[in-house]
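Below, each chain spelled out in residue letters.
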Amino acid sequence: MVQRTAAAVVALLACVGALSACGSSDKDAGAGGSGGGGSITVAGFGGAYGDAEKAAYYDPFTKATGIKVKILQAEPSLGAVELQVKRKNVIWDIAELAGPDQITACSNGSLEKVDYKQVRKADLAAGKGFECGIVSSSFTEGIGYRTDKLHKPPTWQDFFDTQRFPGKRTMEKYIQDGTLEYALLGDGVAKEGLYPLDLDRAIRKMEGLGDDLVLVDSLAQASQLLSSGDAAMIQTASGRIIPLKNAGLPVDFAPIGLRADSAFTIPKGAKNAANAQKFLAFIASCASCSQTMARLTAYSGPNKNGADGLSAAQKALLPTSPTVIAQAPAQDNQWWSENGAKAQAAFDKFANR
Amino acid sequence: MEGHSSLLPPRPAALVRARPRQLLGQRRWWAPLLAALLLCLLAVPGIELFESSLRPFPSLGHYDRVFDSAEPYRGVIFDTFDIAALSTLLTAAVGLPFAYYASMRSGWKRTAALLILVIPFFTGILVKNFAWTVIFQDSGALNDALGALGLGHVDLLFTRTAVLIGMVHYLLPLFVLPVYASLVKIDPRLKLAARSLGAGPVVTFWLVTIRLARPGVVTGTIVVFIVSLGFYVTPAMLGGRGNLMVANVIDTSVRKLADFDFAAALAGVVTVIVLALLPIALRYVRPEASTSDSLMGAVGSKGGPR
């Protein structure tokens with residue numbers, strides 16, 4: 001028994017020692033590893049979108065600079081970045097974060113500031129450069145709908161009108177994608193007057209849909225319900241509907257949701273921060289990169305000439321197109337960064353009734 | 001016998017295998033390794049988690065929020081235990097006959113039964129849940145079949161029933177395998193002895209088979225219950241509204257809000273409840289083990305007197 005206790009104590013000490021050694025060795029590597037050439041490790045959103053990012057940003061960057069890009073199949077998130085920075089064990093040199101999240105992480109001091117001596121502001125389209133991030137893509141959310149049930153593109157009021165347009169609706173549990181905004185638009189709030197969000201009013205509106213409202217965890221699931229005809233309208237992004245439409249399904253997309261951003265950021269203490277800054281400068285200056293992104297996804301990149309050379313049909317889908325701007329409100333990243341937790345708590349309460 | 005009561009391995013295994021003493025003798029050298037592993041992987045992070053939940057140290061603010069009646073979290077924790085208990089019960093109800101069937105068959109029938117059980121286990125949980133979506137949806141395979149048979153229509157997707165079906169499907173091997181292992185270890189002569197002493201098949205099953213398999217059943221039940229408490233993908237994908245489990249809230253807190261301390265408090269509450277429940281469950285293993293001891297003793301096991 002005494003032996004066993006002694007062994008346990010030794011093991012505990014060894015364990016604590018090993019853990020702290022791990023931490024400090026990583027810190028050393030971080031200090032020494034920011035030299036020349038080499039590589040950057042990127043955590044992006046993956047999937048078909050990730051393939052587009054590779055073609056539009058990573059491959060041209062490697063070609064232009066010789067710096068290799070390691071793409072991790074990891075889902076970057078505010079929590080993951082904060083944790084890596086807090087533990088001084090930063091794995092990612094570039095992390096792609098949602099617009100509000102990169103503002104939160106920036107104000108928490110968890111991100112490197114963008115080096116605007118390298119990134120030329122003149123290269124960027126309006127609103128694409130943040131204090132701690134450069135837009136990877138701006139996209140438009142909206143309503144995916146069945147053309148056999150609706151004969152013209154719906155409004156958000158139509159989305160919440162099950163009398164005139166019967167059938168299920170899906171909305172996202174991931175509320176940063178605009179769930180609450182759309183409820184307010186459906187309730188008649190003007191798109192210029194959305195923020196600050198009236199949370200109670202938004203939730204009352206969603207309650208009005210009753211059992212016709214389905215909360216989904218993934219947009220793939222929403223697409224499935226639209227394809228099968230179970231849902232008449234779904235809250236989704238253009239990139240999810242265009243392939244279904246091209247496959248011949250009776251569906252279409254109304255680009256009337258939020259215009260939102262994702263951004264490339266550099267977690268504080270990234271091992272290859274210098275190369276990561278070069279990456280940000282590169283995608284800001286590379287017009288053909290943003291054009292490739294637009295062609296592949298109908299999302300717009302950071303460069304101000306990113307729509308040049310595209311067909312009129314391609315341009316019309318971009319969040320920068322005047323018709324989209326006229327219909328789709330811009331997400332207030334700042335409001336979300338400051339009020340995200342409050343909104344989530346209100347939504348969780350609704351979602352668990 | 002008292003001297004061994006503090007040792008951990010389940011008794012029936014030691015009883016059926018003939019050499020308990022040798023096994024115990026060999027244990028010593030890896031005991032410190034096990035202790036080190038437990039400390040590194042459980043105790044240290046556990047203490048850290050607890051400390052984090054009390055931040056700004058020391059304060060109970062995060063726990064206040066968990067139990068605040070104006071917040072959804074108390075209900076989420078209740079639902080979590082509710083869903084976990086129900087899915088454990090259902091898993092046992094399906095798993096026990098399944099395990100018994102597999103243990104009573106031999107050759108290809110046994111192999112087939114175990115394969116049917118285990119193959120879905122190697123399919124990713126996301127794929128499985130997506131498949132359930134397609135099966136359960138209004139125009140899905142299930143409703144098509146019901147319609148063809150003239151049995152009407154069920155609204156299953158995004159209900160608690162859908163969550164439970166998805167969970168039981170995932171949990172079944174975790175219950176069946178330990179129970180099956182217990183069942184096949186039962187010396188068939190014990191059943192023959194019971195029958196020759198006048199017990200019918202039902203009495204034999206109840207007094208001999210089930211009692212000897214009880215450690216497996218209890219182990220399976222505990223494993224299934226604890227795993228089901230941590231379910232995340234299934235309630236997220238099949239649950240729609242009203243089926244939020246604590247893992248979903250922890251996920252939101254950690255990934256989307258980076259509120260680690262609140263997530264730690266949520267995890268802490270669940271851990272404390274489980275730790276409080278565990279001794280009650282384990283009590284069911286021990287007396288039964290001694291019953292089987294005396295049973296084996298009466299029959300005269302190869303293990304001999306200890």
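Here the structure is a predicted model, which means the values were calculated and not measured.

### Description of the overall build of chain B
For step 1, the next point in the chain: Secondary structure summary: chain B contains 15 helices and zero strands in total.
For step 2, the next point in the chain: The burial tally for chain B puts 33% of its 306 residues in the buried class.
For step 3, the next point in the chain: Pairs at least 24 apart in sequence give 74% of the contacts found in chain B among residues at least 6 apart.

### Quick look at the overall build of chain A
For step 1, the next point in the chain: If you tally the helices and strands in chain A, you get 14 helices and nine strands.
For step 2, the next point in the chain: Burial analysis of chain A (353 residues in total) assigns 49% to the buried set.
For step 3, the next point in the chain: Sequence separation of at least 24 residues holds for 71% of the intrachain contacts in chain A that already meet a minimum separation of 6.

### Details of the nonpolar core
For step 1, the next point in the chain: In this structure, A:Ile94, A:Ile134, A:Leu280, A:Ile283, B:Val246 and B:Leu266 are the most contacted members of the largest nonpolar core, which totals 150 residues.
For step 2, the next point in the chain: Here the element with the most residues in this core is helix α9 (residues 160-185) of chain B; it accounts for 14 residues.

### Focus on the confidence of the model for chain A
For step 1, the next point in the chain: Overall, the predicted model of chain A reaches an average pLDDT of 89, with 90% of residues at or above 70.
For step 2, the next point in the chain: Low pLDDT (under 50) marks residues 22-35 of chain A, which in the prediction has 16 contacts with non-local residues, meaning those over four places away or in another chain.

### A word on the pairing of strand β2 (residues 68-72) of chain A
Residue and element names in this part refer to chain A.
For step 1, the next point in the chain: Where strand β1 (residues 39-43) and β2 come together, five bridges link them in parallel fashion. For threonine 41, the partnering residue across the bridge sits in β2 and is lysine 70.
For step 2, the next point in the chain: Handedness of the crossover is the feature at issue here: the chain leaves β1, passes through helix α2 (residues 47-65), returns alongside β2, and the resulting connection is right-handed.

### Points about the environment of B:Asn129
Residues and elements named next belong to chain B.
For step 1, the next point in the chain: Among the secondary structure elements, asparagine 129 is positioned in helix α7 (residues 125-136).
For step 2, the next point in the chain: For the pair asparagine 129 and glycine 166, spaced 37 residues apart in sequence, the C-alpha separation works out to 6.8 Å.
For step 3, the next point in the chain: If we ignore the near neighbours within four places in the chain, the residues touching asparagine 129 are Gly166, Val233, Thr234, Met237 and Leu238.

### Here we look at helix α7 (residues 199-208) of chain A
Residues and elements named next belong to chain A.
For step 1, the next point in the chain: Listed in full, the buried residues belonging to α7 are Ala202, Ile203, Lys205 and Met206. Angular distribution of buried residues about the axis of α7 spans 155 degrees; they occupy a single face of the element. Structural note: α7 exposes Asp200 and Glu207 on the side pointing more than 90 degrees away from its buried face.
For step 2, the next point in the chain: Against α6 (179-186), β6 (213-216) and α14 (333-351) lie the buried residues of α7.
For step 3, the next point in the chain: Of the residues one or two after α7, glycine 210 is the one with positive phi, at around 55 degrees.

### Quick notes on the interface of chain A and chain B
For step 1, the next point in the chain: In this assembly, 31 residues from chain A lie in contact with 31 residues from chain B.
For step 2, the next point in the chain: Going through the elements one at a time, α1 (2-32), α3 (78-86), β6, α8 (219-227) and α14 of chain A are the ones with two or more residues in the side of chain A that touches chain B.
For step 3, the next point in the chain: Here the element with the most residues in the side of chain A that touches chain B is α1(A); it accounts for eight residues.
For step 4, the next point in the chain: Its residues assigned to classes, the side of chain A that touches chain B shows 15 nonpolar, nine polar and seven charged.

### Focus: the domain arrangement of chain A
Residue and element names in this part refer to chain A.
For step 1, the next point in the chain: The domain boundaries assigned to chain A delineate domain 1 (38-138 + 261-327) and domain 2 (140-258 + 336-351).
For step 2, the next point in the chain: Relative placement of domain 1 and domain 2: their C-alpha centres are 27 Å apart.
For step 3, the next point in the chain: Facing twelve residues of domain 1, the contacting portion of domain 2 comprises ten residues.
For step 4, the next point in the chain: When contributions to the side of domain 1 that touches domain 2 are tallied by element, the ones reaching two or more residues are α4 (99-107) and α13 (322-327).
For step 5, the next point in the chain: With four residues, the single largest contributor to the side of domain 1 that touches domain 2 is α4.
For step 6, the next point in the chain: The residue makeup of the side of domain 1 that touches domain 2, split by class, is eight nonpolar, four polar and no charged.

### Some thoughts on the pairing of β6(A)
Residues and elements named next belong to chain A.
For step 1, the next point in the chain: Side chains Leu213 and Leu215 of β6 all project onto a buried face; the interleaved residues Val214 and Val216 project onto the opposite face, where all are buried too.
For step 2, the next point in the chain: Strand direction decides the pairing type here: strand β5 (residues 168-172) and β6, joined by four bridges, are parallel. Paired with glutamate 172 across the strands is valine 216, a residue of β6.

### Considerations on unusual backbone geometry
For step 1, the next point in the chain: Following A:Tyr195, the chain continues to A:Pro196 via a peptide bond in cis, the omega torsion being -5 degrees.
For step 2, the next point in the chain: Counting through the fold element by element, A:Pro196 comes out in the loop between α6 and α7.
For step 3, the next point in the chain: Here the amide bond leading from B:Phe57 into B:Pro58 is cis, since omega sits at -20 degrees, within 30 degrees of zero.
For step 4, the next point in the chain: Its place among the elements puts B:Pro58 in the loop between α3 (31-53) and α4 (61-67).
For step 5, the next point in the chain: Notably, B:Ala258 is not glycine yet its phi reads approximately 55 degrees, a positive angle.
For step 6, the next point in the chain: Tracing the chain through its elements places B:Ala258 in the loop between α13 (246-256) and α14 (260-283).

### Describing the packing of α2(A) against helix α11 (residues 287-297) of chain A
All names here are of chain A.
For step 1, the next point in the chain: Running from N to C, α2 and α11 cross one another at 165 degrees; their axes reach a closest spacing of 9 Å. In terms of axis orientation, α2 runs roughly antiparallel to α11. α2 and α11 meet at a crossing whose hand is right-handed. Contact residues: α2 offers Tyr49, Ala52, Ala55, Ala56, Tyr57 and Pro60, while α11 offers Cys289, Thr292, Met293, Leu296 and Thr297.
For step 2, the next point in the chain: When its residues are assigned to classes, the contact of α2 with α11 shows nine nonpolar, two polar and no charged.

### A word on the domain arrangement of chain B
Residues and elements named next belong to chain B.
For step 1, the next point in the chain: With domains assigned, chain B is organised as domain 1 (28-59) and domain 2 (70-299).
For step 2, the next point in the chain: One C-alpha centre belongs to domain 1, the other to domain 2, and the line joining them spans 28 Å.
For step 3, the next point in the chain: At the junction of the two partners, domain 1 supplies five residues and domain 2 supplies six residues.
For step 4, the next point in the chain: Within the side of domain 1 that touches domain 2, the residues separate by chemical class into two nonpolar, two polar and one charged.

### A few points about the environment of B:Lys191
All names here are of chain B.
For step 1, the next point in the chain: For lysine 191, the location among the structural elements is in helix α10 (residues 188-196).
For step 2, the next point in the chain: Between the alpha carbons of lysine 191 and glycine 230 there is a distance of 39 Å; along the sequence they are 39 residues apart.
For step 3, the next point in the chain: Setting aside residues no more than four positions away along its own chain, lysine 191 makes contact with Thr204, Val208 and Thr209.

### Some words on α4(A)
For step 1, the next point in the chain: Summarising burial for α4(A): eight of the nine residues are buried, a large majority.
For step 2, the next point in the chain: Within the sequence span of α4(A), burial applies to A:Gly99, A:Pro100, A:Asp101, A:Gln102, A:Ile103, A:Thr104, A:Ala105 and A:Cys106.

About the cut-offs
Position numbers for residues count from 1 along each chain, tracking the sequence in the order it is written. As they are written, the chains are lettered A onward and the ligands numbered 1 onward, keeping that order. In keeping with the model being predicted, local features are shown solely for residues with a pLDDT of at least 70 and side-chain atom pairs are shown and tallied solely at 80 or more, while totals for entire chains, interfaces and linings include all residues. Strands are runs of DSSP state E lasting at least 2 residues, helices are runs of H or I lasting at least 4, and numbering of each runs from the N terminus. Whether a residue is buried, exposed or partly exposed follows from its count of other C-beta atoms within 10 Å of its own C-beta, namely 20 or more, 12 or fewer, or something in between, respectively; the C-beta atoms are built from the backbone. Two residues form a contact once the distance between their C-beta atoms, set from the backbone, is within 7 Å. By convention in this section, buried Ala, Val, Leu, Ile, Met, Phe, Trp, Tyr and Cys residues joined through C-beta atoms within 7 Å make up a nonpolar core. Per-residue confidence from the predictor is given as pLDDT, running between 0 and 100. For two strands to be treated as a pair, DSSP must find no fewer than two bridges joining them. Handedness of a crossover: with both strands directed away from the viewer, a clockwise path from the first strand across the helix to the second marks it as right-handed. For this quantity, the arc is that covered by the directions from the helix axis to the C-beta atoms. Here the term charged refers only to Asp, Glu, Lys and Arg, the term nonpolar to Ala, Val, Leu, Ile, Met, Phe, Trp, Tyr, Cys and Pro, and the term polar to all other amino acids, Gly among them. As used throughout, domain bounds are those supplied by an automatic or database domain assignment. Axis lines are fitted to C-alpha atoms, over the contacting stretch for helices. Their N-to-C directions set the angle, which ranges from 0 to 180 degrees. Roughly parallel means an angle under 35 degrees; roughly antiparallel means over 145; roughly perpendicular covers 65 to 115; every other angle is labelled oblique. Each crossing gets its handedness from the near helix: less than a right angle anticlockwise from the far helix is left-handed, clockwise is right-handed.

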